[in-house]
Amino acid sequence: MIGLLKGKSVNLRVLEKEDLPPVTEWANNPEFSGEYEPLEQVSLQEAEKWYCNLRPDEKWFIIERKDGSKIGQIFHSPRGPHFVIGYKLLPDERNRGYCTEAVKIIVDYLFLSKNIVRIQAETNPRNRASQRVLEKAGFKREGLIRRSIFIKGKWEDGVQYSILREEWKEPKILTKIASQ
Ligand SMILES: CC(C)(COP(=O)(O)OP(=O)(O)OC[C@H]1O[C@@H](n2cnc3c(N)ncnc32)[C@H](O)[C@@H]1OP(=O)(O)O)[C@@H](O)C(=O)NCCC(=O)NCCS
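This structure is a prediction, so every number in the text was calculated from the model and none was measured. (Residues numbered from 1 in each chain as written. Predicted model: local features only at pLDDT ≥ 70, side-chain atom pairs only at ≥ 80, totals over all residues. Heavy atoms only, no water.)

Draft legend 1. Up close: the environment of His 76. Along the chain, the position of His 76 falls in strand S4 (residues 70–79). Between the C-alpha atoms of His 76 and Val 107, which are 31 residues apart in sequence, the distance is 9.3 Å. If near-sequence neighbours (up to four positions away) are discounted, His 76 is found in contact with Asp 57, Glu 58, Lys 59, Phe 61, Phe 83, Val 84, Ile 85, Ile 106, Tyr 109, Leu 110 and Lys 114. Within the structure, the side chain of His 76 is placed 3.1 Å from the backbone oxygen of Asp 57, a separation counted as a polar contact. (Helix = DSSP H or I, 4+ residues; strand = E, 2+ residues; numbered from the N terminus. Contact = heavy atoms within 4.5 Å. Polar contact = N/O pair within 3.5 Å; in protein donor to acceptor, adjacent residues only side chain to side chain.)

Structure representation (structure tokens):
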């Protein structure tokens, strides 16, 4: 299997072109984006163009349950010398710990595969579920970013979180990455 990071309840599989139809459908569903993310409407053609223009170090993964069903997405992307992550889960699959595990996997993967000291994530101050995910995965709250994102007609503040390599210390899930 190409590009598969294995966890206990979920795997992260590198997004392939064949995944674009369901992923585009998700992107166009306001319930998938949730209350605190920008409202998007994209065509499949636009999604294909976006996919072809991804930067080499920007990687999107499908979050899959162990039975192979697709339940969400998570990405990492370079931000200066650091990396930023973001994630979304299908509404019916939320509150079962899946996203927290996906974040732990991507953090293990980034610190194991790249010579970086810091991974960051930004969320809406009202998005308690996302903040809880980051806290459970070992991120620390850094502060408020004023008027950072345009959501449903108005500019909203963001909250920045990060995890440093010295806080991560060692892999939490991908202990056997070399053999996966
Ligand atoms: C944010 C999101 C990815 C979380 O995924 P998930 O798989 O449900 O996350 P987990 O189950 O691992 O953890 C969720 C935690 O938030 C808590 N939570 C959920 N809703 C909450 C709320 N309204 N207030 C406080 N805590 C809440 C859960 O109880 C759980 O914490 P616990 O384990 O201590 O009980 C999901 O809600 C989602 O896709 N939201 C829409 C898109 C989005 O906002 N993405 C993040 C952008 S920064």
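Draft legend 2. Expanded view of the site of the ligand. Taken together, the neighbourhood of the ligand is formed by 22 residues, with Leu 89, Asn 95, Thr 100, Arg 132 and Lys 136 sitting nearest. Backbone polar atom of Cys 99 to an oxygen atom of the ligand: 3.1 Å apart, as the coordinates give it. A distance of 2.6 Å separates an oxygen atom of the ligand from a polar atom in the side chain of Lys 136. With the chains in place, 73% of the 960 Å² that the ligand exposes on its own is no longer accessible. Of all elements in the fold, only helix H2 (30–33), strand S5 (82–89), helix H4 (98–113), strand S6 (118–123) and helix H5 (128–136) reach the threshold of two or more residues within the shell around the ligand. The leading source of residues in the shell around the ligand is H5, at 6 residues. (Near = heavy atom within 4 Å. Areas by Shrake-Rupley, 256 points an atom, 1.4 Å probe, with all protein chains shown as cover.)

Draft legend 3. Representation of H4 in the model. The end-to-end C-alpha distance of H4, which contains 16 residues, comes to 22 Å, matching closely the 22 Å that a straight helix rising 1.5 Å per residue would cover. Most of H4 sits inside the fold, with 13 of its 16 residues counted as buried. (Expected span 1.5 Å × (residues − 1). Buried < 20%, exposed > 50% of the residue type's maximum accessible area, 1.4 Å probe, protein only.)

Draft legend 4. Seen up close, the sheet that holds strand S7 (residues 140–151). Taken in spatial order, the 8 strands line up as S1-S2-S3-S4-S5-S6-S8-S7 in an open sheet, and their pairing is mixed. A strand with exactly one partner marks an edge of an open sheet, and here the two such strands are strand S1 (4–6) and S7. Strand-to-strand twist in this sheet, taken as the mean axis angle between neighbours without regard to direction, amounts to 25°. (Pairing = 2+ DSSP bridges. Axes fitted to C-alpha atoms, helices over the stretch in contact; angles between N-to-C directions.)

Draft legend 5. Representation of the side chain of Ser 130. If you trace the backbone, Ser 130 turns up in helix H5. Taking relative accessible area as the criterion, Ser 130 reaches 8% and is therefore assigned buried. Those residues in contact with Ser 130 that lie beyond four places of it in its chain are Tyr 87 and Thr 123.

Draft legend 6. Examining the pairing of strand S8 (residues 154–164) more closely. Most of S8 sits inside the fold, with 8 of its 11 residues counted as buried. Strand direction decides the pairing type here: S6 and S8, joined by 6 bridges, are antiparallel. Opposite Arg 118, over in S8, you have Leu 164 as the bridge partner. Where S7 meets S8, 8 bridges bridge the pair, whose relative direction is antiparallel. The partner of Lys 140 across the bridge, within S8, is Ser 162. Where S7 folds back on S8, the antiparallel hairpin that results is connected by 2 residues, among which Lys 152 adopts a positive phi of roughly 45°.

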